[in-house]
Amino acid sequence: MRVLWLCNIMLPFIAKSLGQRIVVKEGWLSGLASKLMQNKDTNNITLAICFPASNDLNFVSGDDSLFLKNSVKGVAYYVFREDTVHPENYDASMEESLGAIIQDFEPDIVHIFGTEYPHTLACVKAFGRPERTLVGIQGLCGAIAEVYMADLPYSVQKKKTFRDILKKDGLLEQQQKFVQRGEHEKEALSLVGHVTGRTDFDREETKKLAPQAKYHFMNETLRDEFYHECWNIDRIQRYSLFLSQGNYPIKGLHYVLDILPEIVEKYPETMVYVAGDVITANKSIKDKIKISGYGKYLLDLIHKKKLDDYVKFVGSLNSDKICARYLKTHVFLCPSAIENSPNSVGEAMLLGVPVVSADVGGVHNLLTHNRDGILYEKNQPQQLKDAILRIFGDDKLALSMSSNAREHARITHDAEKNYRRLLEIYHEINHSI
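Please read these numbers as outputs of a predicted model, since none were measured by experiment.

Quick word on the pattern of salt bridges
Moving on, step 1. In the structure shown here, the tally under the stated rule is 22 salt bridges.
Moving on, step 2. As a salt-bridge pair, Glu 204 and Lys 207 come within 3.5 Å of each other at their nearest N and O atoms. Of this pair, Glu 204 and Lys 207 both sit in helix H9 (residues 200-209), three residues apart, roughly one helical turn.
Moving on, step 3. One salt bridge in this structure joins Asp 372 and Arg 371, with 3.1 Å as the shortest N-O distance.
Moving on, step 4. Residue class for Asp 372 comes out buried when judged on its relative accessible area of 0%.
Moving on, step 5. Using a relative accessible area of 36% as the deciding quantity, one classes Arg 371 as partly exposed.

Here it is, written out as structure tokens:
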């Protein structure tokens, strides 16, 4: 069986072979790809992977072919062009590129990971075989658009920095771009025959967006590093909090900053670490020019609440470094306004890091409240504060949640079980035609 994957990013093992920067996103794809590659002699799957690249990448620049093709570790990969900076714009020329890739590889099944980018719609149209098209639900742009502002004051929503004006990318414009992406997502899902999901949230959303499609339940396999380490309360940085990202409003960093002074008052050693893009950078003239409206709001909030010594942005971290950061953390936070099944929560649970998360989307399918961690109502930051303080002040509770979380996550993210489930789905689709 020949299976073509369409991914949003260049997977790390491909990036490494090309000498490109490894993107720290969608890490679970690497785990799933590894299982398929390791078992290629017995699973009857010939895998190929395609992904977009912008024209500024050195190995793409100057080449005007429909796609670039190579292989690594016995897996063929295809690179096509897409304006990855403006995912709200649909470029019909991608249909020709993806059609050429499909013609070259001749897949039995096309498996598309995510609906967030216009290449999903282009691929669905180019393949034109809904009964052999499988889309994995990740985030959902239409749903994100509805809550994008995450309770930010309207005065903040409409305020623009120089960068926002220049790029036409203020917060209100960003929200509208998600609306546009949601329209492409809606059209793409209306044209497919199969979807995979894993939460109550994505099942219900799929019913609305793709009523014709068959829903296949499948959990996700996480990055390998997180299966081999274990949180130890004797080795943590006491009163440390960690967020895996905070670069746009729905990730909810501003909720944490609002209640942080009250936590610092009780525990002066408190530190918040934030991974991902450092959108508050403001030291150089270049930083000041590039800062976004949301980044400026976070920076002003930090200064206003005198939190400069209690918040540290650590930038994008590779698997080893982010795993190390988790293991030093007292409490992992997911204060998002919306999520489906956040891999960051799964990674924290797999390691045994105590988790406090907003009860949004499908998080409750990952984490059992008051057993594996603590869920709170998303619009109740005082509940967030109380949950953090509760774990900070009770090592017995932290240890219990740590143990329960690891046990739960090892079931949810069982690599072998999830791999077998993927094969079942592939064979079901291939044999049902």
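From this point, things continue past the structure.
A closer look at the packing of helix H13 (residues 319-328) against helix H14 (residues 343-351)
Moving on, step 1. Relative orientation of the contacting elements H13 and H14 amounts to 60°, with a least axis distance of 10 Å. One way to sum up the angle between H13 and H14 is to call them oblique. Remark: the crossing between H13 and H14 carries right-handed chirality. Contacts between H13 and H14 pair Cys 323, Tyr 326 and Leu 327 from the former with Ser 344, Glu 347, Ala 348 and Leu 351 from the latter.

Here's the deal with the pairing of strand E8 (residues 214-217)
Moving on, step 1. Note: strand E7 (residues 194-197) against E8, four bridges, orientation parallel. Within E8, the residue paired with Val 195 across the bridge is Tyr 215.
Moving on, step 2. On the question of chirality, the crossover connecting E7 to the parallel E8 by way of H9 is right-handed.

A word on the environment of His 228
Moving on, step 1. Structurally, the position occupied by His 228 is in the loop between E8 and strand E9 (240-243).
Moving on, step 2. Overall, the relative accessible area of 57% leaves His 228 in the exposed class.
Moving on, step 3. Counting along the chain gives 123 residues from His 228 to Leu 351, while the straight-line C-alpha distance between them is 8.1 Å.
Moving on, step 4. A distance of 3.2 Å separates the side chain of His 228 from the side chain of Asp 224, its partner in a polar contact.

Each value, and the rule that gives it
Numbering of residues starts from 1 in each chain and follows the order in which that chain's sequence is written. Given that this is a predicted model, residues contribute local features only at a pLDDT of at least 70 and side-chain atom pairs are listed and counted only at 80 or more, while totals for whole chains, interfaces and linings are drawn from all residues. Note that the side-chain values use all heavy atoms of the structure and ignore hydrogens as well as water. The working definition used for a salt bridge is a side-chain nitrogen of Lys or Arg within 4 Å of a carboxyl oxygen of Asp or Glu. Secondary structure elements follow DSSP: runs of H or I no shorter than four residues count as helices, runs of E no shorter than two count as strands, and numbering proceeds from the N terminus. Classification of residues uses two cut-offs on accessible area relative to the type maximum, computed with a 1.4 Å probe and protein chains only: under 20% is buried, over 50% is exposed, and between them is partly exposed. An axis is simply a line fitted to the C-alpha atoms; with a helix, the fit covers only the stretch in contact. Between two such axes, the angle follows the N-to-C directions and lies from 0 to 180 degrees. The labels follow the angle: roughly parallel below 35 degrees, roughly antiparallel above 145, roughly perpendicular from 65 to 115, and oblique for the rest. By convention the crossing between two helices is left-handed if the near helix lies anticlockwise of the far one by an angle smaller than a right angle, and right-handed if it lies clockwise. Pairs of residues are marked as contacts when any of their non-hydrogen atoms sit within 4.5 Å. We call two strands paired when DSSP finds no fewer than two bridges between them. Looking down the strands as they point away from you, a crossover is right-handed if its path from the first strand over the helix to the second goes clockwise. The term polar contact refers here to a pair of N or O atoms within 3.5 Å; inside protein, the definition further demands a hydrogen-donor-capable atom paired with an acceptor-capable atom, and it admits residues adjacent in sequence only when both atoms are side-chain atoms.

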